Amino acid sequence: MIPLVKPYIAPASELMPEIERVLYSGYIAEGEAAWEFEDGLKQFLDNENVLAVQSGTAALHLALLQLGIGFGDEVISTPMTSEPTNTTIAITGAKIIWADVDPNTGLLDPNSVRDKITERTKAIMLVHYAGMVCNMDAFNKLSEETGVPIIEDAAHALGAKYKNKVIGSNSRFTCFSFQAIKHMTTVDGGAIAIRDEEDVAPIRKLRWFGLDKKVSRLENDITRAGYKYGINNLTGIIGSIQLKHVREVVDKYIANGKYYDKTLLNVPGITLVPYYKNTEPSYWLYTMKVDGRNDFCRLMEENGITASPLHHRSDTHSVFSESKCELPNMESWYNSFVHIPCGWWVDDETREKIVETIKKGW
Ligand SMILES: *Cc1c(COP(=O)(O)O)cnc(C)c1O
């Protein structure tokens, strides 16, 4: 079966000697290797304010904490995502307010978000689902007009672009995940990219119990209790070596995505997703709408190709029941979208086979 997701791991000849070196170096906690990885991320994201963390979830949590979000607050979010986007909001005590999606893309609809803003709204959580970038022109305007900050959950969107620039410095916070199945993995890991420099030092402290690494342990004074969210040197060295390949790997996703955009256009039963102005997806999953999805998925499976919607909508979980509301566009999107394999493991021959299989009909 051709899978929808698969971890890319750099060649053993590059990775294993470095892992061995760090493991036996006598210093495996957060140190040089971790900071070098962080420097590499800064370069890739073209942003000086990037902190590496243990997971995408940790990055989201730190963003919410830095905004002071807690009980009595509201965060506008989308059910069209992987669960951690919303479980992370829930653990702060804030109430999730669902906004509806654009039925053509499955991404949050700025008009619906605008309708849901109240005086309790403390953040808008945008998810660049499957690597497609939200309507940032409209969301930036909305954030400026209302003063409500945006957190971008870019766990699916490493290397995607807005206005010709890799995402990671547009909104106040952009959160990335290096979990096993994302574009780039460090086994587990994440990063928070920060727009405003004044947010960096407080988040760095929250990342490490509330302690300030620049001050000696004996002179430190914790003013706000933090978490254990930093990375160790092992994660750091894996990350640095993975980063050497990230451009090539992400470009492979993008090339396959563009190939499908071209070859699946006008295929009966398929509706392609339009991408918003000034945005370029990084196609973590190739996303489209199909008529007769069950039959489509069955046909693909018979031909050794995984096709599936992959994620369950978040708003049906019991833990979010107090947020339940009507989302008619989500309904129609959720019943028709599907993903097909698009990642680095899909070679030219495979993608041709996938398109030929689809063109035969289902
Ligand atoms: C993977 C993922 C996360 C969480 O990342 P972890 O590194 O697994 O904690 C958050 N949001 C989305 C949309 C994800 O897909």
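Note that the structure is a prediction, hence the values are computed from the model and not measured.

Q: Please clarify how the environment of Ile2 should be interpreted in this entry.
A: With respect to the helices and strands, the residue Ile2 is situated in the segment before α1 (12-23). Residues Ile2 and Asn303, spaced 301 residues apart in sequence, show a C-alpha to C-alpha distance of 9.4 Å.

Q: Which parts of the structure should I look at to understand helix α3 (residues 56-66)?
A: Count 3.6 residues to each turn of an α-helix, and residues three or four apart come out pointing the same way. Extensive coverage of α3 is indicated by the burial of ten of its eleven residues. Listed in full, the buried residues belonging to α3 are Gly56, Ala58, Ala59, Leu60, His61, Leu62, Ala63, Leu64, Leu65 and Gln66. At the N-terminal end of α3, a side-chain oxygen is found 3.4 Å from the backbone nitrogen of Thr57, two or three residues along, and the residue is Ser55. Just downstream of α3, Gly68 is the residue with a positive phi angle, here 70°.

Q: Would you mind going over the sheet that holds strand β12 (residues 286-290) with me for this structure?
A: Note on sheets: strands pair through backbone hydrogen bonds, and any given pair is parallel or antiparallel. Spatially, β10-β12-β13 is the arrangement adopted by the three strands of the open sheet, whose pairing is antiparallel. Of all the strands in the sheet, just β10 (270-272) and β13 (337-340) have a single pairing partner and so form its edges. Between one strand and the next, the sheet's axes are offset by a mean angle of 45°, whatever the strand orientation. Contacts from helix α8 (residues 233-263) reach β10, β12 and β13 within the one sheet, and its direction differs from that of β12 by about 25°. Contacts between helix α9 (residues 293-302) and the sheet are confined to β12 and β13, with β13 contributing the most and set at about 10° to the helix.

Q: Could you clarify how one ought to interpret the site of the ligand in this entry?
A: Lining the immediate environment of the ligand, one finds 15 residues, of which Thr57, Asp153, His156, Ser177 and Lys182 sit closest. Here a nitrogen atom of the ligand sits 3.5 Å away from a polar atom, N or O, in the side chain of Thr85. His156 places a side-chain nitrogen or oxygen 2.6 Å from an oxygen atom of the ligand. If the ligand stood free it would expose 380 Å²; the protein chains cover 92% of that surface. At the level of secondary structure, the elements contributing two or more residues to the shell around the ligand comprise α3 and α4 (84-92).

Q: Could you clarify how one ought to interpret a negative patch on the surface in this entry?
A: The grouping of Asp347, Glu349, Glu352 and Glu356 at the surface amounts to a negative patch. Its place among the elements puts Glu352 in helix α11 (residues 348-359).

Q: Sorry if this is basic, but what is going on with the side chain of Gln66 here?
A: Among the secondary structure elements, Gln66 is positioned in helix α3. Residue classification places Gln66 among the buried residues on the basis of a relative accessible area of 18%. A polar contact is formed between the side chain of Gln66 and the side chain of Asp199, at a distance of 3.0 Å. Ignoring anything within four residues of it in the chain, the contact list for Gln66 reads Phe173, Asp199, Pro202, Ile203 and Leu206.

Q: So what exactly am I meant to see when it comes to the sheet that holds strand β6 (residues 161-162) here?
A: The three strands lie next to each other as β7-β6-β11, forming an open sheet whose pairing is antiparallel. Where the open sheet ends on each side, the last strands, each with one partner, are β7 (165-166) and β11 (279-280). Bridge count between β6 and β7: two bridges; the pairing is antiparallel. Within β7, the residue paired with Tyr162 across the bridge is Lys165.

Q: Help me understand the nonpolar core in this model?
A: For soluble globular proteins, nonpolar side chains are generally found buried alongside one another. Among the nonpolar cores identified, the biggest contains 118 residues, and Leu264, Met288 and Ile340 are the most heavily contacted of them. When residues of this core are assigned to their parent elements, the largest contribution, eleven residues, is made by α8. Apart from residues no more than four positions distant in its own chain, Met288 is found in contact with Leu264, Ile270, Thr271, Leu272, Val273, Phe296, Ser336, Phe337, Val338, Ile340 and Ile358.

Q: What exactly am I supposed to notice about the packing of aromatic side chains here?
A: One pair of aromatic rings is described through two measures. These are the centre distance and the angle between the planes. As enumerated under the stated definition, the model contains 15 aromatic pairs in all. Centre to centre, the rings of Phe37 and Phe178 are 5.8 Å apart; their planes meet at 65°, and the pair counts as edge-to-face. A residue pair is termed long-range when its members are at least 10 positions apart, and Phe37 in helix α2 (residues 32-45) and Phe178 in the loop between β8 (173-177) and β9 (190-194) qualify at 141 residues. As far as the burial class goes, Phe37 and Phe178 line up, both buried. Aromatic ring contacts, followed pair by pair, group Tyr259, Tyr260, Tyr275, Tyr283 and Tyr286 into a single cluster. Note that Arg293 overlies the ring of Phe337, its terminal NZ or CZ placed 5.8 Å from the centroid. Positioned above the aromatic ring of Tyr334 is the side chain of Arg313, whose terminal nitrogen or guanidinium carbon lies 5.4 Å from the ring centre.

Definitions and cut-offs
Residues numbered from 1 in each chain as written. Predicted model: local features only at pLDDT ≥ 70, side-chain atom pairs only at ≥ 80, totals over all residues. Heavy atoms only, no water. Helix = DSSP H or I, 4+ residues; strand = E, 2+ residues; numbered from the N terminus. Buried < 20%, exposed > 50% of the residue type's maximum accessible area, 1.4 Å probe, protein only. Polar contact = N/O pair within 3.5 Å; in protein donor to acceptor, adjacent residues only side chain to side chain. Pairing = 2+ DSSP bridges. Axes fitted to C-alpha atoms, helices over the stretch in contact; angles between N-to-C directions. Contact = heavy atoms within 4.5 Å. Near = heavy atom within 4 Å. Areas by Shrake-Rupley, 256 points an atom, 1.4 Å probe, with all protein chains shown as cover. Patch = residues over 30% accessible without salt bridge, like charges linked within 9 Å, V, L, I, M, F, W, Y side chains within 5 Å. Salt bridge = Lys/Arg side-chain N within 4 Å of Asp/Glu carboxyl O. Lys, Arg positive; Asp, Glu negative; His and termini not counted. Charge placed at Lys NZ, Arg CZ, Asp CG, Glu CD. Core = buried A, V, L, I, M, F, W, Y, C linked by side-chain atoms within 4.5 Å. Phe/Tyr/Trp six-rings, centres within 6.5 Å; stacked < 30°, edge-to-face > 60°. Lys NZ or Arg CZ within 6 Å of the ring centre and 35° of its normal.

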